[in-house]
Amino acid sequence: MALAQFSTGLPHRVSAFGGRHMLAPDVERLRLPLANAFFLGEPGHAWILVDAGAPGSAPLIGRAAQARYGVGARPEAIVLTHGHLDHIGGLWGLLKQWPGTPIYAHSLELPYLTGQSAYPPPDPTVGGSMSALSPLFVPGPFNFRPQIRPLSELPELAALKGWTFLDTPGHAPGHVSLWRETDRLLIAGDAFVTTVQERVTGALTLRPQLIHRPPAYYTPDWDQARASVQRLAALEPALAATGHGDPQGGQHLRDELRRLARNFDEVARPVQGRYVVHPALTDTSGVVHLPPLSPRGQVLRAGLLITAGLLMLRQLRRWAA
Ligand SMILES: [Zn+2]
Ligand SMILES: [Zn+2]
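The structure reproduced in this document is the subject of the present report. The structure displayed is predicted, hence computed values, not measured ones.

### Re the coordination of the zinc ion (ligand 2)
Next up, step 1: Looking at the metal site, the zinc ion (ligand 2) is ligated by Asp 86 (OD), His 87 (NE2), Asp 190 (OD) and His 244 (NE2), spaced 2.0 to 2.5 Å from it.
Next up, step 2: Geometry at the zinc ion (ligand 2) is irregular, judged from its four donor atoms and the angles of 85 to 159° they form at the metal.
Next up, step 3: Donor residues binding the zinc ion (ligand 2) come from one chain and are separated in sequence as D-H-x102-D-x53-H.
Next up, step 4: The metal-metal distance between the zinc ion (ligand 2) and the zinc ion (ligand 1) comes to 3.3 Å, with Asp 190 coordinating both. Residue His 87 is located in helix α2 (residues 85-88), and its partner Asp 190 is located in the loop between β10 (185-189) and α6 (200-205); the two are separated by 103 residues in the primary sequence.
Next up, step 5: On the accessibility criterion, His 87 (0% relative accessible area) is buried.
Next up, step 6: Judged by relative accessible area, which is 1%, Asp 190 ranks as buried.

So this is what it looks like as structure tokens:
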């Protein structure tokens, strides 16, 4: 299957939220606020949705799905690379549009998606403006019973023909990437990304474009994250689409991904941070142990929450006036 060409590593950009970007005839990237989602399946055929964007993304996803697959079209399934809020925020609205649609995630993600456990809390001490804001990001628990199911129960679907799911934990305990050997197409989720997600400017403008570590504020196991990047680099993908940033391809991608894998501890592992030395420990029930947040982290978190609370109070007073 012919892939879209990305010879320079700087593909044409899809700047508008809701913009669609063909990666292969049966694979499309949908740009959403904060994160990307993907349609798998050619127009006129059965299809699935991969990831669901941040809260508020459901109307954008619904409109894009109609434009690609026709009015009233609905997916056979929704598959999640992982369950962080910026990848599942559209689900509540989508389940109203497409009631009963099954949602699949790795079994190690299920504690966070069935109301059992919150994710390890985000770490505001790893550097970057987005990281400093991260205590505002809700780590769950989220509950998508009865639609949520383990990936192991995913039936054979035409839209997934040729795709394999790779375990790529570290950024999330049950994080998975999607890989298609025939055209070497990789949907990497947040195992690595292509912009500096730790900065608000990177998260919103998708600049600069580079092969970059998983979003650091939400990565609770750096040894696993390194192993996952090494696993994906060894595949030598022709084209990689990630949860954040524009897709990248060609020799540029392979060289930069290899460089990231080889030098991960020097260029990717934060110098300091809650999970840098000791990871969060998780199992099939969710989080079982968290390393403590440093005093500096506690001050950052408290300052941010107080500021957010005061701003909300001021807004409420304005509305009441
Ligand atoms: Zn994530
Ligand atoms: Zn993400």
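That was the structure; now back to the text.
### Observations regarding the side chain of Ser 134
Next up, step 1: By secondary structure assignment, the location of Ser 134 is in the loop between α5 (129-133) and β7 (148-150).
Next up, step 2: Of the polar contacts made by the side chain of Ser 134, one reaches the backbone oxygen of Ser 131; its length is 2.6 Å.

### Digging into helix α7 (residues 222-235)
Next up, step 1: Across its 14 residues, α7 extends 20 Å between first and last C-alpha, which sits within 8% of the 20 Å expected from 1.5 Å per residue.
Next up, step 2: All of the buried residues along α7 are Trp 222, Ala 225, Ser 228, Val 229, Leu 232, Ala 233 and Leu 235. All buried residues of α7 lie within an arc of 150° about the axis, which places them on one face of the element.
Next up, step 3: Structurally, α7 contributes buried residues whose contacts are with β8 (163-167), β9 (176-180), β10, α8 (250-262) and α9 (264-267).
Next up, step 4: Capping the start of α7 is the job of one residue whose side-chain oxygen sits 3.2 Å from the backbone nitrogen of Asp 223: Asp 221.

### Notes on the environment of Thr 182
Next up, step 1: Here Thr 182 is to be found in the loop between β9 and β10.
Next up, step 2: Considering only alpha carbons, one finds Thr 182 and Trp 163, 19 residues apart in sequence, at a separation of 9.0 Å.

### Here we look at the environment of Arg 68
Next up, step 1: Structurally, Arg 68 can be placed in helix α1 (residues 58-69).
Next up, step 2: Among the polar contacts listed, one links the side chain of Arg 68 to the backbone oxygen of Pro 25, at a separation of 3.2 Å.
Next up, step 3: A polar contact of 2.9 Å, which involves the side chain of Arg 68, links it to the backbone oxygen of Gly 41.

Conventions we followed
Residues numbered from 1 in each chain as written. Chains lettered and ligands numbered in written order. Predicted model: local features only at pLDDT ≥ 70, side-chain atom pairs only at ≥ 80, totals over all residues. Heavy atoms only, no water. Donors = N, O, S within 2.8 Å, 3.2 Å for Na, K, Ca; no water. Tetrahedral: all angles 85-135°; square planar, octahedral: opposite > 155°, others 65-115°. Helix = DSSP H or I, 4+ residues; strand = E, 2+ residues; numbered from the N terminus. Buried < 20%, exposed > 50% of the residue type's maximum accessible area, 1.4 Å probe, protein only. Polar contact = N/O pair within 3.5 Å; in protein donor to acceptor, adjacent residues only side chain to side chain. Expected span 1.5 Å × (residues − 1). Arc of directions from axis to C-beta. Contact = heavy atoms within 4.5 Å.

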